[in-house]
Amino acid sequence: MIPSMRFVVVRSSAPGCEPNCPEWISAEGTIEADTPALFKRALRMLKGRQLPVVVNSPGGNVDAALALGQMIRENKLDIAVGTTALSGCAPEIRDCNVGKGVDYLGMAYDSGAMCNSACPLMFSGGIRRVVGDFAYLGVHQITTTYQREKLLYRTTYRIVNGKKKIISTKVISRKDAGSYKTYEMSKAVEERLSAYLKEMGIGDGVLETMKNTPASEIHQLVLEDMLGMNLVTSLDSVDLFTAGTVCEANPVPANCREMPGNKDARRADVPTIEANTPPQPTGTEPPKGSEMRFIIVRGSNPLCNPDCPEWISAEGTITGDTPEWLRAALDAAGGRRLPIVISSQGGDVEGALAAGRLIRERKLDVVVARTDFVDCEPSANCLAKDGVHTGLTIDSGAECASACPIMVAAGARRLVGPDVRLSVGSLEQPQKIKAYLKEMTIGPGLFAAMQLSTSQRQLDQDTMLKFGLATGRQSADELTGATICKSAPKPDNCRVMPSANAEADAHAKL
C-alpha cells in the first residue's frame, strides 16, 4: 500500500550548485482527504516563497486533488512529474540534522515517476506544467462509492382546521444499509470537472479520455497529446525547475536561494511538512500573548460524516484566567463530555491546578496533541460556523511541559502518544502540587521526579505509566480518530449532523 502524500522542502545536492541552489516541494504518495490541509500548512511555512511542486502519486481522492490544484494555481506555483531521491536523511527519520540551513538534500528525476488517476487534476493547477520523457501521466474513469443509510423518523402533528400540520420531524434511528459503487461519471461530476479544467486552461481531451477509459485501466497520455490538450506547457522535464545549473540563469528563478559560504548543503529554515511527522516547535518559552485558548473542534475527515468526533483544543500558556476560559468552553459545549486535546509549554501553577480540578469534576478525558485547523485559524477574523471549527489532531510535535502535566493528571483517561514530548521539572508551591496529585490518585513517583529535576526532564511512556500520569499508550486517534464514532458503545464526543442528500455528499475516488 502506497503511503499518504507527504510534503517536504528539498534543496538540490547537485555538485557545484552551492552557494545558490534550487529548492522545491517534494509531494509523494496517495492523495487523501486530509492532504490539502497538509499542503496548506506547507505553503504557510514557506511564507510566500514560490517553490515548484515535484509530484509522484498514483492518485486518490478526487475532491482533495481538485483542492490541491486550486491551491497550486492560487499560489502561482509550477509543477512537474518527478520523484525526489533524498541524500542521507529521509522524512521518516526523526531529528535528522542535515546541517545548518537545509531541511533535506536531494535530486529530482523523472525516470519512473508517475501522476495517475486523480493526480492529473492536481497537476492541472500548475502555472508551468511539465512531464519528462521518462515520466508517466495517466487517467481513467471515476469510481464513486455511495454509503446507504436507513433512517427512521418520528413526526409530530397537530390538527389545525381539521388538517394535519407537521410540528417537528426527528431522526430516531440510523442504520447502515450497505454501499455500492458506480464506475461511470455522473452528470454533476462531469460538469464540475469540466468547469475546473476549463478554469485551469486545459483542453476537453483530458476529460474525454477519462470518460472513455475503464476504471480498471490507466490510459497513459503521450507528450504530444498532452501538449495538444494544453495539459503540459512545454516539452521539458523536471530538470527545468530542479537542475543544479538553473540558478545561473538571468533572471534567477524564484526557487533559488543563495546561502553565502555554504559549500555543503545545510539545514534550511523552511520547516518540513509531511503526513505523519508535522514540524517540531522551536524555542523553550511560549511566545508572549499566547495565552491558552479553548476551541471546540469537529473532525474534518470526510470518512466520518455525518457522525464525527468533537473535542476541545487547548493550546498556549496557562494563566490565572485559564480555568474561566475552560469553563466558558465547557458551557458552550452544552454539558457534553468532550475530550481535552492539549499542547502547552506550561505557565501559571494556580491556573493549572484550578483547570485540572474542573477537568476532573466534569470527568473529561485528556490527550496531549496538537490541533491543525482546516477551515481557518481561529481569530476575530475567522469565526467558526455554528461555533465549531473543523480540524484534525496530530501527535508529533505536541508537547506538555512545566505546569501542563498538572492539567493532564486530572483526566479521566490520560493519553500521551509515543511521538509526544512530556516533561516535568521543579515548580513553585510544591505542597499544593503534592496534595493535588494525591487527590488525582497519581503515584508519588511523579512528584518526586518533579522535585528532583532542576531543569525539564522528558518522561518516556513506560515512566508515565509507572507513575500513573498516563492511563494508556494510545495516541490522540483513540479520542478523535475518524472511525471512533462507529464503535459500540458510541463515544460521548460523537455528534451526528444529518445530510440532506447522502449521495450528493459522497466523495469520489479514482
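Quick caveat, the model's predicted, so the values are computed rather than measured. For every chain, the first residue of the written sequence is number 1, and numbering continues from 1 onward in sequence order. Thresholds applied to this predicted model are a pLDDT of at least 70 for local features of residues and 80 or more for the giving and counting of side-chain atom pairs; totals over whole chains, interfaces and linings are not thresholded and use all residues. Excluding hydrogens and water, the side-chain figures rest on all heavy atoms present in the structure.

> What's the story with the sheet that holds strand β22 (residues 421-424) in this structure? I'm lost.
Whether parallel or antiparallel, the strands of a sheet pair through hydrogen bonds between backbone atoms. Spatially, three strands are ordered β20-β22-β23 in an open sheet, and the strand pairing comes out mixed. The open sheet has two edge strands with one neighbour each: β20 (399-400) and β23 (457-459). Inspection of the sheet shows β22 paired to β23 by three bridges, in the antiparallel sense. By the bridge assignment, Val424 is partnered in β23 with Arg457. Note on pairing: two strands pair once DSSP finds at least 2 bridges between them. In this text, helices come from DSSP runs of H or I with a minimum length of four residues, and strands from runs of E with a minimum of two, each type numbered from the N-terminal end.

> Is there a simple way to explain the confidence of the model for the protein chain in this structure?
Regions with low pLDDT should not have their predicted coordinates read in detail. Per residue, pLDDT measures the predictor's confidence, with a range of 0 to 100. Confidence in the prediction for the protein chain averages 84 pLDDT; 84% of positions are at 70 or higher. Contacts: residue pairs with any heavy atoms within 4.5 Å of one another. Low confidence marks residues 264-289, where pLDDT is under 50. Its contacts with residues over four positions away, or in another chain, come to 82 contacts. Note on residues 500-506: pLDDT under 50 across the span, and six contacts to partners over four residues away in sequence or across chains.

> Help me understand helix α5 (residues 205-212) in this model?
Given 3.6 residues per turn, any residue in an α-helix points the same way as the ones three and four places further on. All buried positions along α5 are accounted for by Val206, Leu207, Thr209 and Met210. Projected onto a plane normal to the axis of α5, the buried residues spread over an arc of 160° and lie on a single side. If you follow the buried residues of α5, they end up packed against β9 (136-139), α4 (187-199) and β12 (219-220). To sort residues, take the accessible area from a 1.4 Å probe on protein chains only and compare it with the maximum for the residue type: under 20% means buried, over 50% means exposed, and anything in between is partly exposed. Directions pointing from the helix axis toward each C-beta atom define the arc.

> Is there a simple way to think about the sheet that holds β9 in this case?
Pairing in this open sheet of three strands is mixed, and the strands run β7-β9-β12 from one edge to the other. Both outer strands of the open sheet, β7 (114-116) and β12, are each paired with one neighbouring strand and no more. The pairing of β7 with β9 spans three bridges and is classified as parallel. Residue Cys115 lies in a different strand from β9, and its bridge partner there is Leu137.

> I keep staring at the pairing of strand β15 (residues 307-315) and nothing clicks. Help me out?
Put simply, side chains in a regular strand alternate between the two faces of the sheet. Here β15 lies mainly inside the structure; nine of its nine residues are buried. As paired elements, β15 and strand β24 (residues 494-496) share three bridges and run antiparallel to each other. Bridging from a neighbouring strand, Cys308 pairs with Arg495 of β24. Once you follow β15 into helix α8 (residues 322-332) and on to strand β16 (residues 340-343), the crossover reads as right-handed. Classification remark: right-handed applies to a crossover when, strands pointing away from the viewer, the course from the first strand over the helix to the second runs clockwise.

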